[in-house]
Amino acid sequence: MPPRVVLHVDLDYFYAQCEENANPKIRGKPVVVCVYSGRTEESGAVSTCNYLARKYGVRAGVPIVRAKKLLESVDAIFLPTNRAYYEEISDRIMEILRTNADAYEKLGIDEAFLDVSSRTGNDFDLGRDIAVEIKKQVFAQEHITCSVGIGPNKVLAKIASDQTKPDGLTMVKPEETEQFLSSLPVSRIPGVGKKAEERLTQLNVSTISDLSALTPTLLIEIFGKSLGSYFYHASRGVDNEPVKEREQPTQFSRIATLKQNTREPEQILPLLTELVTSVAAKMKEEGITGKSVAIIAILTDLSIHSKSKMLESPTSETRVIENAGRQLLEEYLQQAPGANLRRVGIKVSALTKQTGQTDISKFLSG
DNA sequence: CCCTCGATCAC
DNA sequence: CCTCATATCGAGGG
């Protein structure tokens, strides 16, 4: 079998680029899109920023207060996220991507994998033509630039798209794999985050070439069966995961910050109800019900705890989820006497798509 | 094989 | 000073 031709398309600094298009006057200035937590005027963190802001050290996740300090000497623009707006734009772009692929897999609001093996006859140069065409179409229609990686599989395509950006195009042909990967830091492998990188550093492993020298046995000992074997293969540029469209989400969750730290249900429940209402509305919109309900508690020390339970039957009813949430919260507060909550969240999982057909369980039990 | 929970990643 | 949403894994207990 000839190698596949896989594209990874990454929309550049997506939220901030959407904002630049919505208001061209802010172009040429640092643009920082923020999630305001509502605790104080400026509490919260950076979601995305443009490359000009990055020059000053601003990054996703940086506290807004710190970003303002980094940018105090310049005329910078700070904006709240407008997620529904970005989703509209993303949906239209994803439609362009889908029509340019044999198989399509959306990874998030701003990235997707495309398999173009069939329509290129496994010719990488034709794959590059498609990438150029996609960039052209996306920019012509939405004025959004993107960075595209082309490789024989998903891992290589994704590492490639990260290589040159913004507005980049990087192709790694199968025979170029080893040369391309060898000197890159291990952190460039998707799935290697802060923790994995730390553990690898302890083993004197810093480049992907270093990583490829480790035995699968050792990797599995350290990282477990799944991740260990994935690292073993990824370090060699091997990845057989198909490009496969994600059907439905497997969970719906919402989380928010309390006005003040507390363990008083009277202070927590109103917010929890808001979150439940929002999650239930989204589930009804999508015609999906869920059987597992969880509350998430983030304490003053930022540690994360959760408590979940299965319902009698799947639901998208606000009151049912709310009742379960309230009960879980009370149980949690009892079992964690010292817990002081900073943030609270709700999650519904074990989802079922409502088909409109008679539920088989009713049929069986009736 | 199912449930619960924490950890990790990455946005 | 520290947002938000989702997927996946592994351990531990049934």
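Anyway, here's the lowdown on the structure attached to this text. Everything quoted here is computed from the prediction, not taken from an experiment. For every chain, the first residue of the written sequence is number 1, and numbering continues from 1 along that sequence. Chains and ligands are labelled by the order in which they are written, letters from A for the one and numbers from 1 for the other. In keeping with the model being predicted, local features are shown solely for residues with a pLDDT of at least 70 and side-chain atom pairs are shown and tallied solely at 80 or more, while totals for entire chains, interfaces and linings include all residues. To obtain the side-chain values, all non-hydrogen atoms of the structure were used and water was disregarded.

### So, the overall build of chain A
Under the convention used in this document: Under the scheme used here, helices are H or I runs from DSSP no shorter than 4 residues and strands are E runs no shorter than 2 residues, and both carry numbers assigned from the N terminus. Think of it in three bands: with a 1.4 Å probe and only protein chains considered, a residue is buried below 20% of the maximum accessible area for its type, exposed above 50%, and partly exposed in between. Only heavy atoms enter the contact rule, under which two residues are in contact if any of them lie within 4.5 Å. Accessibility throughout is a Shrake-Rupley quantity obtained with a 1.4 Å probe, and a residue counts as covered only by protein chains that appear here.
From N to C terminus, chain A includes 14 helices and 12 strands. Considering only C-alpha atoms, chain A reaches an extent of 65 × 60 × 50 Å along its principal axes. Put simply, chain A has 366 residues, and 42% of those count as buried. For chain A, restricting intrachain contacts to residue pairs at least 6 apart in sequence, the fraction spanning at least 24 positions comes to 62%. Summed over all atoms, the accessible surface of chain A reaches about 19,300 Å², with 50% contributed by carbon and sulfur.

### Some words on the protein's contact with DNA strand B
We count it as follows: If even one non-hydrogen atom of a residue comes within 4 Å of a molecule or strand, that residue is called near it. Any residue outside Ala, Val, Leu, Ile, Met, Phe, Trp, Tyr, Cys, Pro, Asp, Glu, Lys and Arg is labelled polar, Gly included; the first ten of those are nonpolar and the last four are charged.
Taken together, 14 residues sit near DNA strand B, with G191, A196, S306, S308 and M310 positioned nearest. Put simply, 100% of the atoms of DNA strand B that lie within 4 Å of the protein are in sugar or phosphate. Sorting elements by how many residues they give to the surface near DNA strand B places strand β11 (residues 304-315) first, with six residues. Across the surface near DNA strand B, the residue classes tally to four nonpolar, five polar and five charged.

### With respect to the pattern of salt bridges
Basically, it comes down to this: The working definition used for a salt bridge is a side-chain nitrogen of Lys or Arg within 4 Å of a carboxyl oxygen of Asp or Glu.
Per the counting criterion, the structure on display carries 19 salt bridges. A salt bridge links D125 to R128, with the shortest nitrogen-to-oxygen separation between them at 3.3 Å. Within this pair, D125 and its partner R128 are both found in helix α6 (residues 124-142), separated by three residues, close to a single helical turn. Owing to a relative accessible area of 34%, D125 belongs among the partly exposed residues under this scheme. Among the charged side chains, a salt-bridge network with shared partners connects E95, R98 and E245.

### Focus on the pairing of β11
For a regular strand, side-chain orientation follows a simple rule: the groups alternate between the two sheet faces. Worth spelling out the cut-off: Paired strands are those between which DSSP finds at least two bridges.
When strand β10 (residues 288-299) meets β11, the two strands line up antiparallel, connected through eight bridges. Across the sheet, the residue bridging to G290 is T315, located in β11. Connecting β10 to the next strand, β11, in antiparallel fashion are four residues, including L302 with a positive phi near 70°.

### Describing the sheet that holds strand β3 (residues 44-49)
Convention followed: Under this scheme, a helix contributes an axis fitted over its contacting stretch, all axes are lines through C-alpha atoms, and angles between N-to-C directions fall in the 0 to 180 degree range.
With respect to topology, three strands assemble into an open sheet ordered β3-β2-β4, the strand pairing being mixed. Whereas interior strands pair on both sides, the edge strands pair on one side only; in this sheet they are β3 and β4 (77-80). Adjacent strand axes in the sheet meet at a mean angle of 35° when their direction is disregarded.

### Some thoughts on the packing of helix α4 (residues 83-99) against α6
Stated precisely, the cut-off is as follows: Crossing handedness: left-handed means the near helix sits turned counterclockwise from the far one by under a right angle, and right-handed means the same turn made clockwise.
In contact at an axis separation of 10 Å, α4 and α6 are set at 145° when each is read in the N-to-C sense. The hand of the α4/α6 crossing is right-handed. In contact with I89, R92, I93, I96 and L97 of α4, α6 contributes I134, Q137, V138, Q141 and E142. Looking at the contact of α4 with α6 residue by residue, the class counts come to six nonpolar, two polar and two charged.

### Some points on the protein's contact with DNA strand C
The cut-off we apply is this: Two N or O atoms form a polar contact when they lie within 3.5 Å of each other; inside protein one atom must be a possible hydrogen donor and the other a possible acceptor, and for residues adjacent in sequence the pair counts only when both atoms belong to side chains.
Taken together, 24 residues surround DNA strand C, and among them S226, T250, S253, I255 and R343 come closest. K225 is positioned with one of its backbone polar atoms (N or O) 3.3 Å from a phosphate oxygen of DNA strand C. Separating a phosphate oxygen of DNA strand C from a side-chain N or O atom of T257 is a distance of 3.3 Å. Secondary structure elements with two or more residues in the surface near DNA strand C: β3, α11 (216-234), β9 (251-262) and β12 (341-353). No other element matches the seven residues that β9 contributes to the surface near DNA strand C. Per-class residue counts for the surface near DNA strand C are eight nonpolar, 10 polar and six charged.

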